[in-house]
Amino acid sequence: MILLFAVTASAQLKPIAYKDGAQKLNGFAISPSKAKAPGVLVLPAWRGIDPHAKDSAEKLAKMGYHAFIADIYGEGNIPKDNKEAGEQSGKFKADFRLYQSRIRAALDQLIAQGADPDRIAIIGYCFGGTGALEAARANFPVQGVVSFHGGLGRDAKRPVEKIGPKILVCHGADDFFVPEDEIDAFHKEMKDAKADWQMIYYADAVHAFTEPSAGSDKSKGTAYNEKAAKRSWEHMKQFLDEILN
């Protein structure tokens, strides 16, 4: 059965200041009514912590999970527009070790907030979905990761190592921002890494299909798809129930 606990009326997102090296970071934490519970780290899309990430964390708390929203960019580096978001996210995609370091710092905060360190998962949206896969590639001490419409690419020069965390990729069937050769390379990587992975395609869905603010114009490459959003959330719930409970 899917884990369900009522979140207390007073439970709400609280700001958490932390650091990765010298960089100041500002995340958000929320706890369920049951103190001893699994945890889920939420990695936001390319604009940084947004309403969608906060909504997801609140839903996770209602499901009985500790949740923490990671601040990847850090204080003074939050993008003001899509151009800056592209530049900032591109820096972390190019320097995957820096991205992994920021994720690990947030993971430590999730555990510090009370999450059971032996029952942890990571989910991410778009840029955050890429980060979820990077956490799996780094074999962080988590049971599994979920990528919602995230980038799948990796530098072909990077060695492929065995991947321990289980992986769920929720992918828009019409997402032309992720080319077929990138998908094929990802499939091969997962097989070579002997990963426990699954990839689910959602019909009529493009990039950012879980993001309500993405609009409805598929021709732009990003658009909300209510059916795909609901289905992928249910698939995530089943996955979390399998690996954490």
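Residues numbered from 1 in each chain as written. Predicted model: local features only at pLDDT ≥ 70, side-chain atom pairs only at ≥ 80, totals over all residues. Heavy atoms only, no water.

**Q** Give a description of the environment of V142 that names residues and reports values.
**A** Summarising the element assignment, V142 is placed in the loop between α4 (127-137) and β6 (144-148). For V142, a relative accessible area of 6% translates into the label buried. (Helix = DSSP H or I, 4+ residues; strand = E, 2+ residues; numbered from the N terminus. Buried < 20%, exposed > 50% of the residue type's maximum accessible area, 1.4 Å probe, protein only.)

**Q** For the packing of helix α1 (residues 51-62) against helix α6 (residues 226-244), give the residues involved together with the corresponding values.
**A** It is the contact of α1 with α6, at a shortest axis distance of 13 Å, that shows an interaxial angle of 45 degrees. The angle between α1 and α6 places the two elements in the oblique class. Classified by chirality, the crossing of α6 by α1 is right-handed. Contacts between α1 and α6 involve S56, K59 and L60 on the former and, on the latter, W233, M236 and L240. Split into classes, the residues belonging to the contact of α1 with α6 amount to four nonpolar, one polar and one charged. (Axes fitted to C-alpha atoms, helices over the stretch in contact; angles between N-to-C directions. Parallel < 35°, antiparallel > 145°, perpendicular 65-115°, else oblique. Left-handed = near helix turned anticlockwise from the far one by under 90°. Contact = heavy atoms within 4.5 Å. Nonpolar A, V, L, I, M, F, W, Y, C, P; charged D, E, K, R; others polar.)

**Q** If you had to explain the pattern of salt bridges to someone new, which residues and values would you point to?
**A** Opposite charge on two side chains lets them pair, provided their charged atoms get close. Under the criterion given, the structure shown has 15 salt bridges. In this structure, E87 engages K83 in a salt bridge whose closest nitrogen and oxygen atoms are separated by 2.7 Å. Placement of both E87 and K83 in helix α2 (residues 82-94) is noted, with a separation of four residues, approximately one turn of the helix. Its relative accessible area of 48% is what places E87 among the partly exposed residues. In this structure, D192 engages K188 in a salt bridge whose closest nitrogen and oxygen atoms are separated by 2.7 Å. Linking D192 with K188, this pair stays in helix α5 (residues 180-192), spanning four residues, or about one helical turn. For K188, a relative accessible area of 52% gives the class exposed. Counted as one network, the salt bridges with shared partners bring together E134, R137, R154, R158 and E189. (Salt bridge = Lys/Arg side-chain N within 4 Å of Asp/Glu carboxyl O.)

**Q** I'd like to hear about the packing of aromatic side chains, residue by residue, with values.
**A** Considering all chains together, one arrives at ten aromatic pairs under this definition. When the centroid spacing of 4.6 Å and the interplanar angle of 15 degrees are considered together, the rings of Y99 and F127 count as stacked. One end of the pair, Y99, is in helix α3 (residues 96-112); the other, F127, is in helix α4, and 28 residues separate them in sequence. The class of F127 is buried, set by a relative accessible area of 4%. (Phe/Tyr/Trp six-rings, centres within 6.5 Å; stacked < 30°, edge-to-face > 60°.)

**Q** Can you explain the confidence of the model for the chain? Please cite residues and give values.
**A** Per-residue confidence for the chain gives a mean pLDDT of 95; residues scoring 70 or more make up 96%. Note that pLDDT drops below 50 for residues 1-10; the model gives that stretch 25 contacts with residues more than four away or on any other chain. (pLDDT = per-residue confidence, 0-100.)

**Q** Any details on the sheet that holds strand β1 (residues 14-20)? Residues and values, ideally.
**A** The strand order β1-β2-β4-β3-β5-β6-β7-β8 describes an open sheet built from eight strands, whose pairing is mixed. Lying at the two open borders of the sheet, with one neighbouring strand each, are β1 and β8 (197-202). Put simply, the sheet's adjacent strands are angled 20 degrees from each other on average, direction ignored. Relative to strand β5 (residues 115-125), strand β3 (residues 37-43) runs parallel, the two sharing six bridges. By the bridge assignment, V40 is partnered in β5 with A121. Against the sheet, α4 contacts β3, β5, β6 and β7 (166-172), and its axis sits at roughly 140 degrees relative to β5. (Pairing = 2+ DSSP bridges.)

**Q** Describe the side chain of H52, naming the residues involved and giving the relevant values.
**A** For H52, the position within the fold is in helix α1. For H52, a relative accessible area of 13% puts it in the buried group. Those residues in contact with H52, other than ones at most four positions away along the chain, are Y125, T210, E211 and P212.

**Q** Give me α5: which residues, what numbers.
**A** When the terminal C-alpha atoms of α5 are compared, their 18 Å separation across 13 residues agrees well with the 18 Å that a helix rising 1.5 Å per residue should span. Regarding α5, the residues found buried are I183, F186, E189 and M190. For α5, the angular spread of the buried residues around the axis is 120 degrees, confining them to a single face. Those residues of α5 that are exposed and aimed more than 90 degrees away from the buried face are E180, D181, K188 and K191. (Expected span 1.5 Å × (residues − 1). Arc of directions from axis to C-beta.)

**Q** Account for unusual backbone geometry, with residues named and values stated.
**A** Residue N139 is not a glycine yet carries a positive backbone phi of 55 degrees. Among the secondary structure elements, N139 is positioned in the loop between α4 and β6. Unlike most non-glycine residues, H149 shows phi in positive territory, near 40 degrees. Tracing the sequence through the fold places H149 in the loop between β6 and β7. Residue classification places H149 among the buried positions, given a relative accessible area of 1%.

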